[in-house]
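Chain by chain, the residues:
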Amino acid sequence: MKELLTGNEAIARGAYEFGVRVAAAYPGTPSTEILENLVNYPGVYAQWSPNEKVALEVGLGAAIGGARTLVTMKHVGVNVAADPLFTLAYTGVNAGLVLVSADDPGMHSSQNEQDNRNYAKFAKIPVLEPSNSQEAKDMVGLGLEMSEQFDTPVMLRTTTRVNHSQSFVEIGERIDDTAKPYVKNSRKYVMVPAHARGRHVVVEERRGKLAEYAESCPVNRIEWADRKIGIIASGIIYEYVKEVIPEASILKLGMTFPLPEKLIREFAAQVEELYVIEELEPFLEDQVRLMGIEITGKQLFPRIGEVSQKIIAEKILAVTGHRDLVNQSILAAGAAEEKDVQIPVRPPVMCPGCPHRGVFYTISQLKMIVTGDIGCYTLGSLPPLEAMDTCICMGASVGAALGMEKAHPEMHGKVVAVIGDSTFMHSGITGLLDVAYNRGATTTIILDNSTTAMTGHQDHAATGKTLSKEITNQVDLVALVKALGINQVQIVDAFDLKKLKTIISEEAAADEPSVIIVKRPCALLIKERTAPYTIDENCINCKKCMKLGCPALSVQGDAVVVNTALCTGCGLCSQLCPSGALKKEGEGNE
Amino acid sequence: MSNGKVTNILIVGVGGQGTILASRILSYLALEEGHDVKVSEIHGMAQRGGSVVTQVRMGEKVYSPLISEGQADVILAFERLEALRWVHYLKKDGTIIINDQAIDPVPVILGLQEYPSGIIDRIKGKVPDTIAVNALQIAEECGNAKASNVVLMGVLARKMGFGKEKCIRALEAKVPAKFLELNKNAFEKGWNVQV
């Protein structure tokens, strides 16, 4: 039976079929849906961890304990998990462990576009790159087998186009008997220097064995066709090449570290023109060049962003002596070009009724320096709120605010860190500990919307629910913050602008560190709407309400109008209205 | 849809307009016809009221899930400005179906940029096969503004020559039971739009 699955659904299916029993992750686009799907299969324990480092630690415990394991994260999550990863590469596993690194070339929903194949090389573990959903599923199985055969974690590196594209997948049965007994082996699993020195030798030997294996690995293959053009490709690029140069010979690499040197030499020797096409870093190209093989790659193709079919066609056509092999219809002019009209951009926005809006309005009015963080609230950096000065990585807001304060003591009272509840759980806690420990006076605002909103509403340790929606221990944010050494903690309603302004001003000015927890659930989680606001003849056209950047408010002609289909009735606009013209529908029609 | 060739359909709109259901129905139909299908969607940040695009490719054998500029056989635009933004993806002699609805993006709401006027006439001037539909109004007549996506599917399905019975089966498979009657009605109205 065949089913149309996204890459993420296929990876979850693969984990189920190939006997994965434990899975852990922190949500991150484009990887999130893997665990959201996997949790629905029987016989698999799947969980959200507070961050990627913990997820991999849970995973390595499960694998060493004897369960086939899947750990998933977005590319930058691997930065967080790098510490356990590099030493897990030394210890090896017991039952198989596959780490999914979902990279995001083009940064559809990320803060950078690092190429995580480099991590595999750095940690000396094998990496597999699927081109479509069927391969994504199959490579979970292959990865688990390789992991057990070579006693190593295996990286399955996907990109957004593979994670979020649907294609057909053959559905199979689950292999159930994958459990292995746990055997104590401290020389293998306790990485004190004396043991680790021995394990490093094993790692280097393993690298050689993996390179040998790569030559016959079933996902590395040559598709011979016209030998005038030869292309080395992996991942989604393979599919693009099949569209653009259907007659070219292709060396399709499913395993991209270590590389099959003999296979590459065999291919290179028999083609007239040799190209390597890859997104981001010249990962394959550099290794091929080190073999002493002349190849054309990054001198044609960009290191920045995604590679498209159009780019492949244009770049190959520019240099090839065999233009007839390129499917030039891909470059055919379309029906219409709209160059002579300015098309307004449509950036993502905070939703109507978003509980973050009032906070960012307040701190923009107070003209504060805002160290920001990763989540929907990063949208607070955009006009008209423009209330963010930095956004670097998960959890960076709190430490950054302390650093600002240490750099310029006179900036005290002007700097505020803003972080969401899920991000605070992920890696904000340690930053706040540093503020308390090193006697900062920083104010940290925790935007508690009771969910991980940006990635599509996942639970976390402070929501009181698990991935499988079971009720669990719920972190008491106030008690947690106090335990870290912050004595000044206040809770404010996200829709109370007056109180927000008073408390943020007071706490920022105070000489001791403080935390303000701003509470309201994400607007998208609220199923029952309150009545929308309407605007009456008392409006004096001052447009103060427009400073909120609410999509439910717009100016038509010269008058402000409320889109009552979008308005959730949060009432922020009416709090700013000096003439009382904004009223809740059905109230105060005097 | 001719044999051996791949048909490219681009579905564009604004986050929250229900473009995903349209792509689900299309891929169901392609499956019924025995075609290979690939569908590409972008999730994440763009969902927060941003511009969203779904690509559906179907045919005997489909490699890439992505459509190149100037290669879409059909564009189904859920909003006027998005039609304008993506029309350069349409191939010569392609069809564009436009929901005649405007949703102001933030730069327009803030008065920083103007919502371009006369979009449909502008596109009609370049694309002879332009079909403008007031799907929102038709959906409201059916009792729910949210069914405008299925109204548009009705227009698209007839234009592309999918059988009506198959489309109804696709709806039955992809729409929750309690909204089925509403959506069948919306599809029927879309199917019967004079183009």
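Cut-offs and rules
Residues numbered from 1 in each chain as written. Chains lettered and ligands numbered in written order. Predicted model: local features only at pLDDT ≥ 70, side-chain atom pairs only at ≥ 80, totals over all residues. Helix = DSSP H or I, 4+ residues; strand = E, 2+ residues; numbered from the N terminus. Rg over C-alpha atoms; globule rule 2.2 N^0.38 Å. Buried ≥ 20, exposed ≤ 12 C-beta atoms within 10 Å, placed from the backbone. Domains from an automatic or database assignment. Core = buried A, V, L, I, M, F, W, Y, C linked by C-beta atoms within 7 Å. Contact = placed C-beta atoms within 7 Å. Pairing = 2+ DSSP bridges. Axes fitted to C-alpha atoms, helices over the stretch in contact; angles between N-to-C directions. Parallel < 35°, antiparallel > 145°, perpendicular 65-115°, else oblique. Left-handed = near helix turned anticlockwise from the far one by under 90°. Expected span 1.5 Å × (residues − 1). Arc of directions from axis to C-beta. pLDDT = per-residue confidence, 0-100. Nonpolar A, V, L, I, M, F, W, Y, C, P; charged D, E, K, R; others polar.

Undergrad: Please explain the overall build of chain A as it appears in this structure.
TA: Looking only at helices and strands, chain A has 19 helices and 22 strands in total. Expected size for 590 residues packed as a compact globule is a radius of gyration near 25 Å; at 27 Å, chain A falls within 12% of this value. When the backbone C-alpha atoms are referred to their principal axes, chain A occupies close to 85 × 65 × 50 Å. Split into buried and exposed, the 590 residues of chain A put 52% on the buried side.

Undergrad: Can you walk me through the domain arrangement of chain A in this structure?
TA: When the parts of a complex come together, some accessible area is lost, and that lost area is often taken as the interface size. Each domain of chain A was delimited in the assignment, giving domain 1 (2-216), domain 2 (220-330), domain 3 (357-525) and domain 4 (533-584). With centres defined by C-alpha atoms, the gap from domain 1 of chain A to domain 4 of chain A works out at 50 Å.

Undergrad: It is not clear to me how the nonpolar core should be interpreted in this structure. Could you clarify?
TA: Note that soluble globular proteins tend to have their nonpolar side chains buried in a common cluster. All names here are of chain A. Judged by nonpolar contacts, the single largest core of 99 residues is most densely connected at Ala 15, Ala 23, Ala 25, Ile 231, Val 241 and Ile 277. Counting residues per element, this core draws most heavily on helix α3 (residues 52-65), at seven residues. When residues of this core are sorted by domain, at least three fall in each of domain 1 (2-216) and domain 2 (220-330). Those residues in contact with Ala 25 that sit more than four places away from it in its chain are Ser 31, Ile 34, Leu 35, Trp 48, Ser 49, Ala 55, Val 71, Thr 72 and Met 73. The next biggest cluster of nonpolar side chains, apart from the first, holds 72 residues, and it includes Tyr 361, Val 370, Cys 550 and Val 560.

Undergrad: Explain the sheet that holds strand β18 (residues 514-519) of chain A to me, please; I cannot follow it from the model alone.
TA: Across a sheet, strands are paired by hydrogen bonds formed along the backbone, either parallel or antiparallel in direction. All names here are of chain A. Across the sheet, five strands lie side by side as β14-β15-β16-β18-β17; this open sheet has parallel pairing. On the outer flanks of this sheet lie β14 (369-371) and β17 (488-493), each paired with one strand and no other. Looking at each pair of strands side by side, their axes are set apart by 25 degrees on average, direction ignored. Relative to strand β15 (residues 415-420), β14 is paired through three bridges, and the arrangement is parallel. Across the sheet, Val 370 pairs through a bridge with Val 416, a residue of β15. Sheet strands touched by helix α16 (residues 421-437): β15 and β16 (443-448). Its angle to β15, the strand with the most contacts, is close to 135 degrees.

Undergrad: Any chance you could explain the packing of α3(A) against helix α4 (residues 75-91) of chain A here in plain terms?
TA: Relative placement of two packed helices is described by the angle separating their axes and the distance separating the axes. Residue and element names in this part refer to chain A. Running from N to C, α3 and α4 point in directions that differ by 30 degrees, and their axes come no closer than 7 Å. Relative to α4, the element α3 is oriented roughly parallel. Where α3 crosses over α4, the handedness of that crossing is right-handed. Residues Glu 52, Lys 53, Ala 55, Leu 56, Glu 57 and Leu 60 of α3 form the contact with α4, whose participating residues are Gly 77, Val 78, Val 80, Ala 81, Asp 83, Pro 84, Leu 85 and Leu 88.

Undergrad: What is the right way to look at helix α6 (residues 148-160) of chain B in this model?
TA: Each α-helix turn comprises 3.6 residues. Residues three or four places apart therefore point the same way. All names here are of chain B. In this model, α6 (13 residues) spans 18 Å end to end at C-alpha, consistent with the 18 Å of a helix rising 1.5 Å per residue. Across the 13 residues of α6, ten count as buried, placing the element largely inside the fold. Residues Ser 148, Asn 149, Val 150, Val 151, Leu 152, Met 153, Gly 154, Val 155, Leu 156 and Ala 157 constitute the buried set of α6. Immediately downstream of α6, the backbone of Gly 161 shows phi near 80 degrees, a positive value.

Undergrad: Can you help me understand unusual backbone geometry in this one?
TA: Trans is the prevailing form of peptide bonds, just as negative phi is the prevailing case for residues other than glycine. Residue and element names in this part refer to chain A. Cis geometry marks the peptide bond from Phe 257 to Pro 258, where omega comes out at -15 degrees. Here the bond from Pro 383 into Pro 384 is cis, since omega is 5 degrees, no more than 30 degrees from zero. Residue placement: Pro 384 occurs in the loop between β14 and α15 (396-407). Positioned with a positive phi, Asp 151 is a non-glycine residue whose angle comes to about 55 degrees.

Undergrad: How should helix α4 (residues 119-126) of chain B be read in this particular structure?
TA: Residue and element names in this part refer to chain B. Within α4, the full set of buried residues consists of Ile 119, Arg 122 and Ile 123. Buried residues in α4, looked at end-on, bunch into an arc of 95 degrees, giving them a common side. Exposed residues on α4 whose side chains face more than 90 degrees from its buried face are Asp 121 and Gly 125. Close packing links the buried residues of α4 with α2 (80-86), β5 (90-99) and β6 (130-133).

Undergrad: Where do I start with the confidence of the model for chain B in this structure?
TA: Caution applies to low-pLDDT parts of the model: their predicted coordinates are not meant to be read in detail. The predicted model of chain B has a mean per-residue pLDDT of 90, with 95% of residues at 70 or higher. Reported for the predicted complex are a pTM of 0.96 and an ipTM of 0.93.

Undergrad: It is not clear to me how the interface of chain B and chain A should be interpreted in this structure. Could you clarify?
TA: Every contact between the two is made by 50 residues of chain B and, on the other side, 46 residues of chain A. Element by element, the count of residues in the side of chain B that touches chain A is highest for strand β2 (residues 36-41) of chain B, at six residues. Split by residue class, the side of chain B that touches chain A holds 25 nonpolar, 15 polar and ten charged. Pairing geometry for strand β8 (residues 165-170) of chain A and β2(B), over two bridges, is antiparallel. Looking across to β2(B), one finds that A:Ser165 is bridged to B:Ser40.

Undergrad: Please explain the sheet that holds β6(B) as it appears in this structure.
TA: With respect to topology, eight strands assemble into an open sheet ordered β1(A)-β8(A)-β2(B)-β3(B)-β1(B)-β4(B)-β5(B)-β6(B), the strand pairing being mixed. The sheet is open, and its two edges are formed by β1 (2-6) of chain A together with β6 of chain B, each paired on a single side. Geometrically, the sheet is characterised by an average inter-axis angle of 20 degrees between neighbouring strands, direction not taken into account. Relative to strand β3 (residues 51-59) of chain B, strand β1 (residues 7-14) of chain B runs antiparallel, the two being bridged by eight bridges. By the bridge assignment, B:Ile11 is partnered in β3(B) with B:Thr54.

Undergrad: Just to check I follow, could you spell out the packing of α4(A) against helix α9 (residues 193-216) of chain A for this structure?
TA: Residue and element names in this part refer to chain A. α9 packs onto α4 with a crossing angle of 80 degrees between their chain directions and a minimal axis gap of 8 Å. Taken together, α4 and α9 sit at an angle that is classed as roughly perpendicular. Residue-level inspection shows Ala 89, Tyr 90 and Thr 91 of α4 in contact with α9, the latter providing Ala 196, Arg 199, His 200 and Val 203.

Undergrad: What should I look at first to understand the environment of A:Ser133 in this one?
TA: Residue and element names in this part refer to chain A. Considering the arrangement of structural elements, one finds Ser 133 in helix α6 (residues 133-150). Distance from Ser 133 to Ile 277, taken between C-alpha atoms, is 21 Å for residues 144 residues apart in sequence. Excluding anything up to four places from it in sequence, Ser 133 contacts Leu 5, Thr 6, Gly 7, Ala 10, Gln 166, Ser 167 and Val 169.

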